[in-house]
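# A closer look at the structure
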Amino acid sequence: VQLQASGGGLVQAGGSLRLTCAASGRTFNTYGMGWFRQAPGKEREFVGYISQSGTSTHYGDSVKGRFTIPRDNAKNTVYLQMNSLKPEDTAVYHCAARLGFGGTYYDPNQYNYWGQGTLVTVSS
C-alpha cells in the first residue's frame, strides 16, 4: 500500500489543523493506521493509532484529549484532527500502516508502510 500525507502548514497556537493520509490499494481496511511525528533534534514520537475497523483508538500522552484519528475505509483515508495546538506540536507528521494486531501500535518498527510526511508548524 502507498500512503500520501497532506494538510500540514503554519497555524497559530490554539488553532486547529487536519491532516489527511490517503492510501492506495483495495485492502486499506486490513491495516491499522498510526500517526507519528518527529521534531528537529528529537526522536520519533507516537501520536496515535486507529484499528482496522476504527473501533479502537490510542493516543500518546502529549496529545491525548486534543487530537483524534477518524478513518473512512470507503475512501481509503485516515485523518489526524489536531485541536488546541501548541508550539511543541511542531514536527513532521507521518502516517503509517501495519498489518498486525495487538498492543504494539506505539512501536514504529511494527509498521509495514510509511507516508512521506507533512510539516506542521505552530507559532506562539
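Please refer to the structure placed before this passage.
These figures come from a predicted structure and were not determined experimentally.

## Digging into the overall build of the protein chain
Broken down by element type, the protein chain carries zero helices and twelve strands. When its helices and strands are written in sequence order, the protein chain yields β-β-β-β-β-β-β-β-β-β-β-β. Whereas a compact globule of 124 residues would reach a radius of gyration of roughly 14 Å, the protein chain reaches 13 Å, a difference of no more than 12%. Projected onto its principal axes, the C-alpha positions of the protein chain cover 40 × 25 × 25 Å. Counting every position in the protein chain, which comprises 124 residues, the buried fraction comes to 43%. Within the protein chain, counting contacts between residues at least 6 apart in sequence, those at least 24 apart form 57% of the total. Accessible surface for the protein chain amounts to roughly 6300 Å². Of this, 48% is attributable to carbon and sulfur atoms.

## Digging into the pattern of salt bridges
Counted according to the given criterion, the structure contains four salt bridges. Arg 37 serves as the salt-bridge partner of Glu 45, at 2.9 Å between the closest nitrogen and oxygen. You can call Glu 45 partly exposed: its relative accessible area is 29%. Relative accessible area serves as the criterion here: at 5%, Arg 37 is assigned to the buried category. The closest approach of N and O atoms between Arg 37 and Asp 89, which form a salt bridge, is 2.8 Å.

## Considerations on the state of the cysteines
If you walk through the whole model with that rule in mind, you get one disulfide. Disulfide pairing is shown between Cys 21 and Cys 95; the S-S distance is 2.1 Å. Note on the Cys 21 and Cys 95 pair: the S-S dihedral is about 65°, so by sign convention the disulfide is right-handed. Residue Cys 21 is found in strand 3 (residues 17–23), and its partner Cys 95 is found in strand 10 (residues 91–98); the two are separated by 74 residues along the sequence. Neither Cys 21 nor Cys 95 differs from the other in exposure class; each is buried.

## Quick notes on the packing of aromatic side chains
Following the criterion strictly, the structure yields eight aromatic pairs and no others. Each ring, one from Tyr 31 and one from Tyr 113, has its centre 5.8 Å from the other, and the planes form 75°; the classification is edge-to-face. Linking Tyr 31 in the loop between strand 3 and strand 4 (32–38) with Tyr 113 in strand 11 (residues 113–114), this pair joins segments that are 82 residues apart in sequence. Assessed through its relative accessible area of 32%, Tyr 113 is described here as partly exposed. Consider the rings of Tyr 49 and Tyr 105, whose centres lie 5.5 Å apart with planes at 20°: the pair is stacked. Of the two residues, Tyr 49 is situated in strand 5 (residues 45–50) and Tyr 105 in the loop between strand 10 and strand 11; the sequence distance between them amounts to 56 residues. Judged by its relative accessible area of 4%, Tyr 49 is buried. Overall, Tyr 105 belongs to the buried group, its relative accessible area being 17%.

What counts as what
- Position numbers for residues start from 1 in each chain and track the written sequence from start to end.
- Only residues with pLDDT of at least 70 are given local features in this predicted model, and only at 80 or more are side-chain atom pairs given and counted; all residues enter the totals for whole chains, interfaces and linings.
- With hydrogens and water stripped out, all remaining heavy atoms of the structure feed into the side-chain values.
- The helix and strand labels rest on DSSP assignments: H or I over at least four residues marks a helix, E over at least two residues marks a strand, and numbering proceeds from the N terminus.
- Note that the radius of gyration is over C-alpha atoms, with the globule rule given as 2.2 Å times the number of residues to the power 0.38.
- Exposure classes here rest on a 1.4 Å probe applied to the protein chains alone. A residue is buried below 20% of its type maximum, exposed above 50%, and partly exposed in between.
- Residues are treated as being in contact if the distance between any of their heavy atoms lies within 4.5 Å.
- Residue-level accessible areas treat just the shown protein chains as cover; the underlying method is Shrake-Rupley with a 1.4 Å probe.
- When a carboxyl oxygen of Asp or Glu lies within 4 Å of a side-chain nitrogen of Lys or Arg, that pair is called a salt bridge.
- Cysteine sulfur atoms that pair up within 2.5 Å are treated as a disulfide.
- For this analysis, a ring pair means two rings from Phe, Tyr or Trp (six-membered ring only for Trp) whose centres lie within 6.5 Å, classed as stacked if their planes differ by under 30 degrees, edge-to-face if by over 60, and tilted for the remaining angles.

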